[in-house]
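# What the coordinates show
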Amino acid sequence: MNKTLITAVMTIATASAAVAATPAGIDRSHLDPTVAPGQDFYEYACGGWMKSHPLKPEYSRFGTFDELGENNRKQVHDLIMGLDASKAAKGSNEQKIADLFAMGMDSVRLNRQGAAPIKKDLAKINKAKRGDVLRLMATTPGLGVFFGTGVEADMMNSDMNVMYWAQGGLGLGDRDYYLDDTERARSVRDAYKKFLVQIARLAGYSQKDAERLAANSMKIEHSLAEAAMSREELRNPAASYNPMAVAEIEKKFPNMKLTEYFAAQGLNNVENVIVGQPKSMAAVDSILSNATQQELRDYMAADYLSSAANYLSDDFVNAAFELSKVISGVEQQQPRWKRALAIPNGMLGEALGELYVAKYFPPSSKEKMVKLVKNLQTALGQHIDSLTWMSPATKAKTHEKLDAFTVKVGYPDKWRDYSKLTVDPAKSYWENVQAAIQYNTDFNNNDFGKKVDRDRWYMSPQTVNAYYSPLTNEICFPAGILQAPFFMPEADDALNYGAIGVVIGHEMTHGFDDQGRQFDKNGNFKNWWTEEDAKAFTKLADELVAQFDSVVVLGDTHANGRFTLGENIADQGGLRVSHTAYHNSLNGSEGETIDGFTPDQRFYLSYANVWANNIRDAEILSRTKTDPHSLGRWRVNQTLRNIDPFFKAFNIKEGDKMFLPESERVIIW
């Protein structure tokens with residue numbers, strides 16, 4: 001599927017928070033005045049906050065961004081605690097949310113049940129014949145081996161929904177964990193093997209059989225990793241668009257019986273599929289043909305157990321946490337209420353969102369946000385007009401796409417219907433989670449062959465984040481991000497433009513980053529650039545890649561400028577466009593100096609505080625490999641080194657570490 005094309009402010013579902021402030025201006029306690037702005041602006045702007053917010057054991061990273069996410073989580077928790085499942089009508093959203101949360105909180109019941117909730121499915125897996133694999137994939141919620149399929153807008157005809165096939169089946173997520181021969185990768189692989197042995201033992205396997213399961217699963221996952229596209233390669237939409245007839249697939253890959261697979265999902269009319277990664281499909285076919293029956297069973301069992309672990313007894317949960325400690329460096333599990341909250345918040349997102357906006361999102365915030373978005377659109381249009389590297393013909397098309405943006409603020413006009421989802425407290429927690437997984441799979445599959453619903457939201461209203469989708473050419477700002485201290489309607493405009501304004505500009509710029517620029521105003525994958533302009537864009541983009549490639553994030557590990565290119569373009573564009581929009585709002589005035597800070601200084605300090613955080617070394621390495629966003633420090637320092645008004649605001653001159661010669665600065669949007 002192509003959900004990876006949807007670009008958000010952050011990978012995780014939390015959001016950035018502006019510098020803590022009163023309407024008067026900057027909170028000086030967030031600064032470190034011992035560091036000169038020209039030497040390390042991130043430390044100057046965020047050092048005080050970082051010193052006063054040491055990492056707690058439950059976090060691998062925590063920043064102002066996460067601080068707002070935590071406040072939001074408490075709001076949602078208060079909502080759920082106010083629900084009474086015993087008084088709510090059976091089948092109502094309130095009953096489903098309250099019961100699902102209560103099951104996650106019932107540690108006594110979970111520990112008493114132990115591995116019992118998974119025994120039935122595990123028995124099926126361990127009796128499976130070679131020809132049963134695809135049917136089990138289609139009918140067992142939580143079994144995510146080999147590949148993924150899903151319905152989404154056709155990249156070539158964005159009005160219609162089609163079926164996509166995508167590489168998958170890696171328990172560690174990223175292929176490089178299997179392929180890299182580094183101490184870091186080896187330690188993650190060792191921890192993963194240990195985890196698989198532990199959960200197999202908890203499920204009733206002997207030590208010998210558990211070790212066999214781990215070895216067989218790793219063998220298959222390694223083969224899948226060898227065939228998988230890298231994260232950099234996945235940034236090329238054209239490479240992942242390979243339409244094939246199902247009949248052709250089954251002829252070329254005889255073990256890929258997709259007709260049976262889709263029929264088991266209730267889809268009997270899938271004649272064509274967009275294959276994302278043909279090399280991976282060939283590898284799956286080969287494994288299904290050549291792996292032993294025991295290897296296939298062990299691989300499926302390992303994946304299924306991994307999926308279920310966090311919804312079973314404490315022994316399973318603790319085993320999963322030991323693996324996350326190695327990957328992220330986190331030292332302590334989150335409290336049970338946070339873990340339990342994540343399930344209804346994710347799986348019944350809009351049901352909970354409807355309750356959320358009724359309590360926490362005033363209409364006035366939506367009105368002000370819509371106006372702010374319009375101001376940013378105007379500013380981006382001005383930037384397009386001023387580009388020296390783009391021809392008038394491409395500028396005209398760029399304006400057409402900008403004008404065609406769909407803007408979504410707060411919450412959807414029509415709420416999702418959850419009536420087909422049953423939450424039954426008489427069943428186990430895992431069985432109810434499976435029911436929610438199945439509901440969401442059916443919900444997605446139900447769109448196959450239908451027109452795209454452009455009113456649908458891809459984030460719940462309470463999510464503290466924002467996104468741009470190239471397939472629908474839309475920008476979306478859920479209610480969760482539109483609250484203090486991030487969005488402060490009564491605060492100094494410089495702060496709001498430096499925080500939420502930059503996020504708006506960031507999402508708009510995604511429409512014209514290295515991926516977004518390949519889609520037209522209607523969301524179709526179509527080249528609307530002149531050849532010369534495309535070359536000019538690519539030249540500038542490559543220069544920005546080189547800049548970030550040179551950044552050392554930890555030890556001898558460098559940032560990945562190619563992988564983070566889209567987000568780096570969007571960060572830069574968001575900063576520049578929001579700065580212009582802010583000055584437009586001053587109507588020719590220079591603005592007021594407050595508490596010793598000029599308007600531009602407050603704008604850039606507000607932006608920097610969005611990314612204030614403390615982070616563990618293991619998490620730095622993990623995010624550098626798996627997160628398309630640059631680390632917070634470099635979203636500030638490296639991005640600002642390209643922006644001339646920033647140098648003027650803080651009188652940064654040649655010889656300062658933050659200074660970058662004008663000839664080396666890269667400006668795209």
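It should be emphasised that the depicted structure is a prediction, and the values quoted were computed from it without experimental measurement.

### Section: the sheet that holds strand 11 (residues 474–478)
- Reading across the sheet, the 4 strands line up as 1-10-11-9 and stay open at both edges, with mixed pairing between neighbours. The open sheet terminates on both sides in strands that have one partner only, identified here as strand 1 (7–8) and strand 9 (406–410).
- Of the strand pairs in this sheet, strand 1 and strand 10 (residues 467–469) are connected by 2 bridges, and their pairing is antiparallel. Counterpart to Thr7 in the pairing with strand 10 is Tyr468.
- Together, strand 9 and strand 11 form the strand contacts of helix 17 (residues 363–386), whose direction differs from that of strand 9 by roughly 150 degrees.

### With respect to the packing of helix 21 (residues 531–549) against helix 22 (residues 565–585)
- Relative orientation of the contacting elements helix 21 and helix 22 amounts to 100 degrees, with a least axis distance of 10 Å. Taken together, the axis directions place helix 21 and helix 22 in an arrangement best described as roughly perpendicular. Together, Phe537, Ala541, Leu544, Val545 and Phe548 of helix 21 and Leu565, Asn568, Ile569 and Gln572 of helix 22 make up the contact between the two elements.
- When grouped by side-chain class, the residues that make up the contact of helix 21 with helix 22 number 7 nonpolar, 2 polar and no charged.

### Re helix 16 (residues 349–360)
- The terminal C-alpha atoms of helix 16 lie 15 Å apart, and with 12 residues this matches the ideal 16 Å at 1.5 Å per residue to within 8%.
- The set of residues buried in helix 16 consists of Gly349, Glu350, Ala351, Leu352, Gly353, Tyr356 and Val357.
- Residues of helix 16 that are buried sit in contact with helix 2 (64–81), helix 3 (93–105), helix 15 (336–347) and strand 9.

### Points about the sheet that holds strand 7 (residues 242–245)
- Overall, mixed pairing links the 4 strands, which are arranged 5-6-8-7 in an open sheet. The outermost strands of the open sheet, each flanked by one partner alone, are strand 5 (147–154) and strand 7. Adjacent strand axes in the sheet meet at a mean angle of 35 degrees when their direction is disregarded.
- Pairing of strand 6 (residues 157–167) with strand 8 (residues 272–275), which is carried by 2 bridges, proceeds in the parallel orientation. Considered in strand 8, the bridge of Tyr164 is made with Ile274.

### Here we look at the nonpolar core
- Core analysis: the largest hydrophobic core is formed by 188 residues, its most contacted members being Phe41, Phe146 and Trp669.
- Sort the elements by how many residues they give to this core and helix 20 (residues 493–510) lands first, with 9 residues.
- Core analysis: the next-biggest nonpolar cluster, separate from the first, contains 11 residues, Tyr164, Tyr241, Val452 and Phe525 among them.

### A short note on the environment of Ile249
- Structurally, the position occupied by Ile249 is in helix 10 (residues 246–252).
- Those residues in contact with Ile249 that sit more than four places away from it in its chain are Met244, Met256, Leu258, Val273, Val275 and Met281.

### Structural notes on the side chain of Asp40
- Along the chain, the position of Asp40 falls in the loop between strand 3 (25–26) and helix 1 (41–52).
- A polar contact of 3.2 Å, which involves the side chain of Asp40, links it to the backbone nitrogen of Tyr42.
- Polar contacts involving the side chain of Asp40 include one to the main-chain amide nitrogen of Glu43, which spans 3.1 Å.
- Apart from the residues lying within four places of it in its own chain, the contact partners of Asp40 are Val35, Arg633, Asn637 and Met658.

### Details of the environment of Ile500
- Considering the arrangement of structural elements, one finds Ile500 in helix 20.
- Each residue touching Ile500, except ones within four places of it in the same chain, is listed here: Met369, Leu372, Ile481, Leu482, Phe486 and Phe487.

### Considering unusual backbone geometry
- Unusually for a residue other than glycine, Asn587 sits at a positive phi of about 55 degrees.
- Structurally, Asn587 can be placed in the loop between helix 22 and helix 23 (599–610).
- Assessed through its relative accessible area of 70%, Asn587 is described here as exposed.
- Not every positive phi belongs to a glycine, and Asp595 is a case in point at roughly 55 degrees.
- By the element assignment, Asp595 lies in the loop between helix 22 and helix 23.
- Exposure remark for Asp595: the relative accessible area of 46% places this residue in the partly exposed category.

### Digging into the confidence of the model for the chain
- Residue-level pLDDT values for the chain average 94, and 97% of them are 70 or greater.
- Across residues 12–24 the pLDDT falls below 50, and counting only partners more than four positions away or on other chains, this stretch makes 56 contacts in the model.

How each quantity is defined
- Residues numbered from 1 in each chain as written.
- Predicted model: local features only at pLDDT ≥ 70, side-chain atom pairs only at ≥ 80, totals over all residues.
- Heavy atoms only, no water.
- Pairing = 2+ DSSP bridges.
- Helix = DSSP H or I, 4+ residues; strand = E, 2+ residues; numbered from the N terminus.
- Contact = heavy atoms within 4.5 Å.
- Axes fitted to C-alpha atoms, helices over the stretch in contact; angles between N-to-C directions.
- Parallel < 35°, antiparallel > 145°, perpendicular 65-115°, else oblique.
- Nonpolar A, V, L, I, M, F, W, Y, C, P; charged D, E, K, R; others polar.
- Expected span 1.5 Å × (residues − 1).
- Buried < 20%, exposed > 50% of the residue type's maximum accessible area, 1.4 Å probe, protein only.
- Core = buried A, V, L, I, M, F, W, Y, C linked by side-chain atoms within 4.5 Å.
- Polar contact = N/O pair within 3.5 Å; in protein donor to acceptor, adjacent residues only side chain to side chain.
- pLDDT = per-residue confidence, 0-100.

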